[in-house]
Amino acid sequence: GQNIDQPTEMTATEGAIVQINCTYQTSGFNGLFWYQQHAGEAPTFLSYNVLDGLEEKGRFSSFLSRSKGYSYLLLKELQMKDSASYLCASSSSNTGKLIFGQGTTLQVKP
Amino acid sequence: DAGITQSPRHKVTETGTPVTLRCHQTENHRYMYWYRQDPGHGLRLIHYSYGVKDTDKGEVSDGYSVSRSKTEDFLLTLESATSSQTSVYFCAIRSQGDRDHYGYTFGSGTRLTVV
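What you see is a predicted model; the values in this text were computed from it and never measured.

A.B. asks: Which residues make up the state of the cysteines, and what are the values?
C.D. replies: Tallied over the full model, the rule gives two disulfides over all chains. Across the disulfide from C22 of chain A sits C88 of chain A; the S-S distance is 1.9 Å. Measuring the twist about the S-S bond at about -70°, one finds the C22 of chain A-C88 of chain A disulfide to be left-handed. Of the two residues, C22 of chain A sits in strand β3 (residues 18-26) while C88 of chain A sits in strand β9 (residues 84-92), which places them 66 residues apart along the sequence. By the burial criterion, C22 of chain A is buried, and C88 of chain A matches it. Note that C23 of chain B is cross-linked by a disulfide to C91 of chain B, the S-S spacing being 1.9 Å. The sign of the S-S torsion, about -75°, decides the handedness of the disulfide formed by C23 of chain B and C91 of chain B: left-handed. A residue pair is termed long-range when its members are at least 10 positions apart, and C23 of chain B in strand β3 (residues 19-25) and C91 of chain B in strand β9 (residues 87-94) qualify at 68 residues. Of the two residues, C23 of chain B and C91 of chain B, neither departs from the other in class, the shared state being buried.

This is how it looks when you write it as C-alpha cells:
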C-alpha cells in the first residue's frame, strides 16, 4: 500500500528558512515529488528525487532518504509569494501512479 | 508547457443529473489521470488511462466512469451526481522526457458544485 504524511499547516516569517517534512510508505517506490499549489490554481512541479541526497534548485531544495522513507522541502529566503500549499507525492513503479499527501499550507508573514 | 485544458472551468448541477468533464491534451501523452481535491484529503485519484480505450480505477472511483476514445481526450462522467461529489477536479498528464519532467502536469481544474 501507500501512505504519505505531511504537516497540515506551517507559518514562517518573510526572509526566513522553512522545512516541510514528508514521510511515505510506498510499494515499489520510484521517486518523490514536490508540487506547489497557490489557492485556486493547479499544482505545479517543484522537484523530483529518486536517489538519496539533496537536490538544490535556487531557493528551493529537496532531500530524500529512501531507507527512512523521508523527504523534506527546504525553502530559503522566504517571500510572501511562497504562501501556498506544498504537496508531497510518491511514485510507485508497481502502479505508475502518483499518490499525494494532503498537502502543507504554508503562510508567510511579514 | 504541455498543452492541457479542462472544460468547463466551473459548473453547478443538480443532484441526480449526469455530468461530463472533459480533459484535452495536445502533446500526445499516453497517460492521463483524473483527480479530485477536497479540504483535508489532498488529491485523490479517481481513474486513469494508459492509452486509447485503456483505463483503470483509482482509489475513489465509485460513482464515476471514464472514456478515452482518442489520445487527446479523457472524459470523466458522474453518472448521477451527488452532493458528496462537489469538489475541484483536476486532470493530469504524465510528462515525458528528462527527469525534471517525469512528473505530472495538471490542467487548471474544474470546480463542480452539486446542489
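A.B. asks: Talk me through the environment of E27 of chain B; I want residue IDs and the actual numbers.
C.D. replies: Residues and elements named next belong to chain B. Tracing the backbone shows E27 in the loop between β3 and β4 (32-38). Taking the relative accessible area as the measure of exposure, E27 reaches 39% and is therefore partly exposed. Separated by 84 residues in the primary sequence, E27 and R111 place their C-alpha atoms 24 Å from one another.

A.B. asks: Tell me about the packing of aromatic side chains, and name the residues and values.
C.D. replies: Summed over all chains, the structure comprises 20 aromatic pairs over all chains. In this arrangement the basic side chain of R94 of chain B is found over the ring face of Y31 of chain B, its NZ or CZ atom lying 4.0 Å from the centre.

A.B. asks: Any details on the pattern of salt bridges? Residues and values, ideally.
C.D. replies: Residue and element names in this part refer to chain B. A full pass over the atoms with the stated rule returns six salt bridges over all chains. A salt bridge links R22 to D73; the shortest N-O distance between them is 3.1 Å. With R22 in strand β3 and D73 in strand β8 (residues 73-78), the pair connects residues that are 51 residues apart, well separated along the chain. Across the pair D38 and R44 runs a salt bridge whose closest N-O atoms are separated by 2.9 Å. The buried category is assigned to R44, whose relative accessible area is 19%. Among the charged side chains, a network of salt bridges with common partners joins R22, K70 and D73.

A.B. asks: Provide a residue-level description of the sheet that holds strand β7 (residues 60-65) of chain A, including the pertinent values.
C.D. replies: In any sheet, the strands associate via hydrogen bonds between backbone groups, in a parallel or an antiparallel arrangement. Residue and element names in this part refer to chain A. The five strands are arranged β1-β3-β8-β7-β6 in an open sheet whose pairing can be described as antiparallel. Two strands in the sheet have a free side with no partner beyond their single neighbour: β1 (2-5) and β6 (53-57). Here the strands of the sheet are splayed against their neighbours by 15° on average, with no regard to which way each runs. Of the pairings in the sheet, the one linking β6 to β7 comprises five bridges and is antiparallel in character.

A.B. asks: Can you explain the side chain of S47 of chain A? Please cite residues and give values.
C.D. replies: All names here are of chain A. Relative to the helices and strands, S47 resides in strand β5 (residues 44-49). In this structure S47 comes out as buried when scored by relative accessible area, which is 8%. Polar side-chain contacts of S47 include one of 3.2 Å to the side chain of S62. With residues near it in sequence (within four places) discarded, S47 still touches L32, F33, W34, K57, S62 and L73.

A.B. asks: So what's going on with the nonpolar core? Which residues, and what values?
C.D. replies: Residues and elements named next belong to chain A. One finds L32, W34, L75, L78, Y86 and L106 to be the most contacted residues of the largest nonpolar core, which totals 21 residues. Those elements giving two or more residues to this core turn out to be β3, β4 (29-37), β7, β8 (70-75), β9 and β11 (104-109). Considering each element in turn, this core owes the most residues, four residues, to β3.

Calculation rules
Residues numbered from 1 in each chain as written. Chains lettered and ligands numbered in written order. Predicted model: local features only at pLDDT ≥ 70, side-chain atom pairs only at ≥ 80, totals over all residues. Heavy atoms only, no water. Disulfide = S-S within 2.5 Å. Helix = DSSP H or I, 4+ residues; strand = E, 2+ residues; numbered from the N terminus. Buried < 20%, exposed > 50% of the residue type's maximum accessible area, 1.4 Å probe, protein only. Phe/Tyr/Trp six-rings, centres within 6.5 Å; stacked < 30°, edge-to-face > 60°. Lys NZ or Arg CZ within 6 Å of the ring centre and 35° of its normal. Salt bridge = Lys/Arg side-chain N within 4 Å of Asp/Glu carboxyl O. Pairing = 2+ DSSP bridges. Axes fitted to C-alpha atoms, helices over the stretch in contact; angles between N-to-C directions. Polar contact = N/O pair within 3.5 Å; in protein donor to acceptor, adjacent residues only side chain to side chain. Contact = heavy atoms within 4.5 Å. Core = buried A, V, L, I, M, F, W, Y, C linked by side-chain atoms within 4.5 Å.

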